[in-house]
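These are the residues of each chain, in order.
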Amino acid sequence: MTPYAPLRRAALVAALVFSGMVLAVAAMAPSPEAEATLLRRSVVEPVALGVTASVLPAPALYVREERFQRGDTLAGLLSRLGVTAEDTRRLIRMPALRMLRPGHVVTAEVDADGDALRLSYLAARDTQMVVERAADGFNARQLAAPLHTQTVLREGVIQSSLFAATDAAGVPDSVAIQIADIFAGDVDFHRDLRRGDRFAVVYEQHFLAGRAVHSGRVLAAEFVSQGRALRAVHYERARGGSGYYAPDGSNLRKAFLRSPLEYTRISSGFGMRRHPFQRSWRAHTGVDYAAPTGTRIRAAGDGRVEFAGFKGGYGNAVILRHRGQYSTLYGHLSRVAPGMRRGTRVAQGDIVGYVGSTGWATGPHLHYEFQVAGRARNPYAIAMPAGEPVPAAELPAFRRRAEPLVARLELLAAPPLARLE
Ligand SMILES: [Zn+2]
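Residues numbered from 1 in each chain as written. Predicted model: local features only at pLDDT ≥ 70, side-chain atom pairs only at ≥ 80, totals over all residues. Heavy atoms only, no water.

A. Representation of the overall build of the protein chain within the structure. Each helix and strand in the protein chain was counted, giving nine helices and 20 strands. Taking all 421 residues of the protein chain together, 52% fall into the buried category. Carbon and sulfur atoms make up 54% of the accessible area of the protein chain, which amounts to about 19300 Å² in all. (Helix = DSSP H or I, 4+ residues; strand = E, 2+ residues; numbered from the N terminus. Buried < 20%, exposed > 50% of the residue type's maximum accessible area, 1.4 Å probe, protein only. Areas by Shrake-Rupley, 256 points an atom, 1.4 Å probe, with all protein chains shown as cover.)

Encoded structure:
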């Protein structure tokens, strides 16, 4: 018997228990094809989280990175890094950490209990501040050595969330977030992930005295979502500007994000949960994302604010009008982002508001509606390209750049699925 057999059984039971929801989910799909997709989606979903997450062994060590921001506190930063309150009390007294300034990126090695083992940041070029756990507290030292950059290759298999997989592969959060952003036009990392989906990534890692300091840019990435492989290569255009392109030169940027909810370590754990309301809301015409209050909501596409304020059952809501006949609605917000008023121009990814439970909602979640000519449509059926492809004149240069990176992805892509069985 494979170790996952009990999980599969549990999943089947979960699917049966959740089948009551299937009807409600189907009600939001206007076309039969979309309905079939959504039916399959909702049956599969309970498998992906909850059941597996609690059973899988947690990695012994997490490597996390956080940028110290303007107005940040040391305690706030340590909390984001997952450090326990007890360690935080001791660490905030360390002069080595009190020297943190906005822009510094802190790398923390934290064990499964939240005990900080090592914190470091680049205090100046070629100078690293290191705080390490010792028998009687923490020791600080300064490390001076030349900074150099290496290319790191990593791959992983999704068991519950992208972050769980990147943790297991030793990939820092900043790289996980870059992966989610690169494929944001094609993959909804809150809802589309399935156990067995895979990622491969090639990224820059800065080293000092043989140790990783912080990670840089993703150079190339692959994401295999439900059997569909997506690849991206970073390319700087001759006339300035840069972006992520498929190996054929097409732009990965789409007119609409798959998920308007910002993908963070915290929101990633809520993706597969559904709020109970959906079962009774017969005329439900949107997609619900359960997420903690305050989670940031992004404009799905470029456009203008058509409405921002309180709107009956939707609570605090924002409606954006996009080019063509498209509009998007974001409901139940705890608050609308500052500056959002009728006529305001927004670019894709701009923050329009924050998750809440205002209006007709039993718990904090985002209600997201996608409309075409005033009629609700399935947002998953829309994937219009937005970005320009690599200019034809630059294709030879692009291919020279892309080929070795794609070769590395292929090296990593040797299917690790056998390990699951
Ligand atoms: Zn809803």
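B. Looking closely at the environment of T295. Its location among the elements puts T295 in the loop between β11 (287–290) and β12 (296–298). In this structure the C-alpha to C-alpha distance between T295 and G356, which are 61 residues apart in sequence, comes to 8.3 Å. Beyond its immediate chain neighbours, meaning those up to four positions away, T295 contacts L261, E262, S267, G353, Y354 and V355. A polar side-chain atom of T295 sits 2.7 Å from the main-chain carbonyl oxygen of P292. (Contact = heavy atoms within 4.5 Å. Polar contact = N/O pair within 3.5 Å; in protein donor to acceptor, adjacent residues only side chain to side chain.)

C. Structural context of the nonpolar core. Membership of the largest hydrophobic core comes to 28 residues, with the highest contact counts inside it found for L162, F183, F189, F199 and F223. Only α6 (162–169), α7 (173–182), β7 (198–208), β8 (211–225) and β9 (228–236) provide two or more residues apiece to this core. In contact with L162, not counting residues within four places along its chain, are A176, I179, A180, F189, L193, F199, F223 and Y263. By size, the runner-up hydrophobic cluster in this structure holds 26 residues, among which are V287, A299, A300 and A337. (Core = buried A, V, L, I, M, F, W, Y, C linked by side-chain atoms within 4.5 Å.)

D. Main features of the environment of Y289. In this structure, Y289 sits in strand β11. Judged by relative accessible area, Y289 falls into the buried class, the value being 2%. Separated by 78 residues in the primary sequence, Y289 and H367 place their C-alpha atoms 6.6 Å from one another. Leave out the neighbours within four places in its chain, and Y289 touches D188, H190, R191, R258, S259, P260, L261, H365, L366, Y368 and Y380. There is a polar contact of 2.6 Å between the side chain of Y289 and the side chain of D188.

E. Quick look at empty space enclosed by the protein. For the coordinates displayed, the defined rule picks out five cavities of 30 Å³ or more. For the largest cavity, the full set of lining residues is A180, D181, A184, V187, D188, F189, H190, S259, L261, Y263 and R298. Taken together, the residues of the lining of the largest cavity break down into six nonpolar, two polar and three charged. (1 Å grid on protein atoms, 1.4 Å probe; cavity = no way out; pocket = protein on both sides within 12 Å on 5 of 7 lines; lining within 4 Å. Points joined across faces, edges and corners; volume = space filled by probe spheres on them. Nonpolar A, V, L, I, M, F, W, Y, C, P; charged D, E, K, R; others polar.)

F. Fine view of the sheet that holds strand β5 (residues 137–144). As summarised here, the arrangement of the five strands in space is β1-β2-β3-β4-β5, forming an open sheet in which the pairing is antiparallel. Bordering the open sheet on either side are β1 (61–67) and β5, each of which pairs with just one other strand. In this sheet, neighbouring strand axes are inclined to one another by 20 degrees on average, regardless of whether the strands run parallel or antiparallel. (Pairing = 2+ DSSP bridges. Axes fitted to C-alpha atoms, helices over the stretch in contact; angles between N-to-C directions.)

G. Summary view of the sheet that holds β8. In space, the five strands of this open sheet follow the order β6-β7-β8-β9-β10, with antiparallel pairing throughout. Whereas interior strands pair on both sides, the edge strands pair on one side only; in this sheet they are β6 (147–157) and β10 (242–245). Adjacent strand axes in the sheet meet at a mean angle of 25 degrees when their direction is disregarded. Inspection of the sheet shows β7 paired to β8 by ten bridges, in the antiparallel sense. Across the sheet, F207 pairs through a bridge with A212, a residue of β8. Across the face of the sheet, α6 comes into contact with β6, β7 and β8 while running at roughly 50 degrees to β7. Seen against the sheet, helix α9 (residues 395–412) touches β6, β7, β8, β9 and β10 and runs at an angle of roughly 140 degrees to β9.

H. Fine view of unusual backbone geometry. Despite not being glycine, Q226 shows a phi value in the positive range, around 50 degrees. Summarising the element assignment, Q226 is placed in the loop between β8 and β9. Residue classification places Q226 among the partly exposed positions, given a relative accessible area of 41%. The phi torsion at H332 lies on the positive side, around 70 degrees, for a residue other than glycine. Here H332 shows up in strand β15 (residues 326–333). What makes H332 buried here is its relative accessible area of 0%.

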